[in-house]
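Structural overview for review
Letter by letter, the chains look like this.
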Amino acid sequence: MTKNPPPLQQNPYYEGVPTYMTEVYDWAYVDPNWVRALDRNLVVKTLLFLNDQRLMRRYLAQLQPGQRVWQLAHVYGDLVQRAAEKVGPHGEFVLTDVTPIQIEHGSRKLKDMPWAKVIRSDAADYQPEGRFDVICSFFLLHEVPEQKKREIVEHMLAQLPDDGKLVFVDYHNPARWQPIRYILKLVNHYLEPFANALWQHEISHYAKQPERYHWEKETIFGGVYQCVIVTKKR
């Protein structure tokens, strides 16, 4: 006789997961069955309209061997391996995520790299030991509510050393001539309720004192995506 699945509060894959994730992104990032199906390079390529490599290169270009790097959330496909490999055994790569299934997948991908650590933590709460040279949010901000955006950006800025950098790769406000704009309007309406905020606000909007930093922005694919590099003003 088939047993009924345990209620969410008793399911280890849902333990401690923020409510907004179970309510909005259960199918994408929490339910282990969906995650196993989606965690593939082909899925990433499709979701990013064939721009996956262009966007990943923006992030990877900021990394150097021997650096300490913190990536705020697990990303589907092989990005975490590529980032950890770029840092190499003389550096340290730290991956954090708030959901058990993402920790499971990240740990599997990085298990052969002893310089890589996978830690379960909310992106706005992680307290690292020592400084990081690069801190990256790769397609995370569009997935969190407004207050959480502010908390994440402020926390990243608080961890930024004088000679370090933050990297944000995420959605942007597409040009009106860009046909993808109208596809994403439907996607955002039905599946990504927190994403429209990045069409309306610069990432610097979520910092309490943005004037203290340089915000270098590049838009990609007709404004569909953005890469923002943040450094401290000297």
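Here the structure is shown first, and the text comes after it.
Residues numbered from 1 in each chain as written. Predicted model: local features only at pLDDT ≥ 70, side-chain atom pairs only at ≥ 80, totals over all residues. Heavy atoms only, no water.

Locating lysine 149 in the fold gives a position in helix H8 (residues 146–158). Given a relative accessible area of 0%, lysine 149 falls into the buried group. Side-chain polar atoms of lysine 149 contact the backbone oxygen of phenylalanine 194, separated by 2.9 Å. Among all residues touching lysine 149, those that are not within four sequence positions of it are Leu141, His142, Val144, Phe194, Ala197, Leu198 and Tyr206. (Helix = DSSP H or I, 4+ residues; strand = E, 2+ residues; numbered from the N terminus. Buried < 20%, exposed > 50% of the residue type's maximum accessible area, 1.4 Å probe, protein only. Polar contact = N/O pair within 3.5 Å; in protein donor to acceptor, adjacent residues only side chain to side chain. Contact = heavy atoms within 4.5 Å.)

Moving on, we come to the pairing of strand E3 (residues 116–120). The pairing of strand E2 (residues 92–97) with E3 spans 5 bridges and is classified as parallel. Opposite leucine 95, over in E3, you have valine 118 as the bridge partner. Following the backbone out of E2, through helix H7 (residues 100–110) and into the adjacent parallel E3, one traces a crossover that is right-handed. (Pairing = 2+ DSSP bridges. Right-handed = clockwise from strand over helix to strand, strands pointing away.)

Time to look at helix H5 (residues 52–60). By the burial criterion, the buried members of H5 are Asp52, Leu55, Met56, Tyr59 and Leu60. Burial along H5 is one-sided: seen end-on, the buried residues are contained in an arc of 135°. (Arc of directions from axis to C-beta.)

To continue, consider the nonpolar core. The biggest cluster of nonpolar side chains holds 77 residues, and the ones touching the most others in it are Tyr59, Phe93, Phe138, Ile152 and Phe168. In this structure isoleucine 152 touches Leu72, Ala123, Ala124, Leu140, Leu141 and Val144, once residues within four positions along its chain are discounted. (Core = buried A, V, L, I, M, F, W, Y, C linked by side-chain atoms within 4.5 Å.)

It is worth spelling out the packing of aromatic side chains at this point. Per the stated rule, a full pass over the model turns up 13 aromatic pairs. Summarising the aromatic geometry, the rings of tryptophan 70 and phenylalanine 132 are spaced 6.0 Å apart at their centres and angled 35° between planes, so their arrangement reads as tilted. Taken together, the positions of tryptophan 70 in strand E1 (residues 68–71) and phenylalanine 132 in the loop between E3 and strand E4 (134–138) put the pair 62 residues apart, joining distant regions of the chain. Using a relative accessible area of 1% as the deciding quantity, one classes phenylalanine 132 as buried. Ring geometry for phenylalanine 139 and tyrosine 225: centres 5.9 Å apart, planes at 75°, overall edge-to-face. Taken together, the residues span a long stretch of sequence, with phenylalanine 139 in the loop between E4 and H8 and tyrosine 225 in strand E7 (residues 225–232) at a distance of 86 residues. Here the aromatic residues Tyr59, Phe138, Phe139, Tyr171, Phe221 and Tyr225 are joined through ring pairs into a cluster of three or more. (Phe/Tyr/Trp six-rings, centres within 6.5 Å; stacked < 30°, edge-to-face > 60°.)

Right, let's get into unusual backbone geometry. With glycine set apart, most residues show a phi of negative sign, and most peptide bonds adopt trans. Non-glycine residue phenylalanine 49 carries a positive phi angle of around 55°. By the element assignment, phenylalanine 49 lies in the loop between helix H4 (41–47) and H5. One non-glycine residue with positive phi stands out, namely phenylalanine 221, at about 60°. Of note, phenylalanine 221 is situated in the loop between strand E6 (213–220) and E7.

Taken as a whole, this structure holds 15 salt bridges when the rule is applied. The residue lysine 117 makes a salt bridge to glutamate 92 at a minimum N-O spacing of 3.0 Å. Pair noted here: lysine 117 is in strand E3 and glutamate 92 is in strand E2, with a separation of 25 residues, a long-range link. Given a relative accessible area of 43%, lysine 117 falls into the partly exposed group. Here the residues in one salt-bridge network are Asp39, Arg108 and Lys109, joined through shared partners. (Salt bridge = Lys/Arg side-chain N within 4 Å of Asp/Glu carboxyl O.)

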